[in-house]
Amino acid sequence: VQLQAFGGGLVQAGGSLRLSCAASGRTFSRYAMGWFRQAPGKEREFVAAIGLTGGSTYYSASVKGRFTISRDNSKNTVYLQMNSLKPEDTAVYYCAADGTLSWRRDDYDYWGRGTQVTVSS
């Protein structure tokens, strides 16, 4: 499956952004989807994940309550709504796909190119 993330940009602290990740190539509804992020000099870290139908979701402690992951299987797209953004949310955000719902980076087989999110203070 091919993935393409978009929707990043520059936003002030306290603002909102919505990232999208479009999938193509294989049956989207067969994949759990995850969002990860990587800040300069840091490892890629888990942000959120969603199950095949959207009924199950996981969030990292740092974003829980501020970010919401969702998916639209009819559009082959997963979303990440980011509210109350903080400067420490600045990173390149990546979407990923796997057959099972997981928060582990190494479990994901398919990755898209990232989209930059910059939060100014």
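Before any of the text, the structure's been laid out above.
All values derive from a computational prediction rather than experimental measurement.

Caption draft 1: How the structure looks around the pattern of salt bridges. If you walk through the whole model with that rule in mind, you get four salt bridges. The residue R37 makes a salt bridge to D89 at a minimum N-O spacing of 2.9 Å. Placement of R37 in strand β4 (residues 32–38) and of D89 in the loop between β8 (77–82) and β9 (91–98) is noted, with a sequence separation of 52 residues between them. The exposure class of D89 is buried, given its relative accessible area of 0%.

Caption draft 2: Structural detail: the packing of aromatic side chains. For the structure on display, the rule yields five aromatic pairs. Residues Y31 and Y110 carry aromatic rings whose centres are separated by 5.7 Å and whose planes lie at 90 degrees to one another, so their mutual orientation is edge-to-face. Placement of Y31 in the loop between β3 (17–24) and β4 and of Y110 in strand β10 (residues 110–111) is noted, with a sequence separation of 79 residues between them. Since its relative accessible area comes to 24%, Y110 is described here as partly exposed. Here a set of aromatic residues connected by ring pairs shows up, and it is made of F36, F46, Y108 and W111. Over the face of the ring belonging to W111 we find R44, whose NZ or CZ atom lies 5.0 Å from the ring centre. Just above the ring of F28 sits the side chain of R71; from NZ or CZ to the centre is 4.4 Å.

Parameters and conventions
Residues numbered from 1 in each chain as written. Predicted model: local features only at pLDDT ≥ 70, side-chain atom pairs only at ≥ 80, totals over all residues. Heavy atoms only, no water. Salt bridge = Lys/Arg side-chain N within 4 Å of Asp/Glu carboxyl O. Helix = DSSP H or I, 4+ residues; strand = E, 2+ residues; numbered from the N terminus. Buried < 20%, exposed > 50% of the residue type's maximum accessible area, 1.4 Å probe, protein only. Phe/Tyr/Trp six-rings, centres within 6.5 Å; stacked < 30°, edge-to-face > 60°. Lys NZ or Arg CZ within 6 Å of the ring centre and 35° of its normal.

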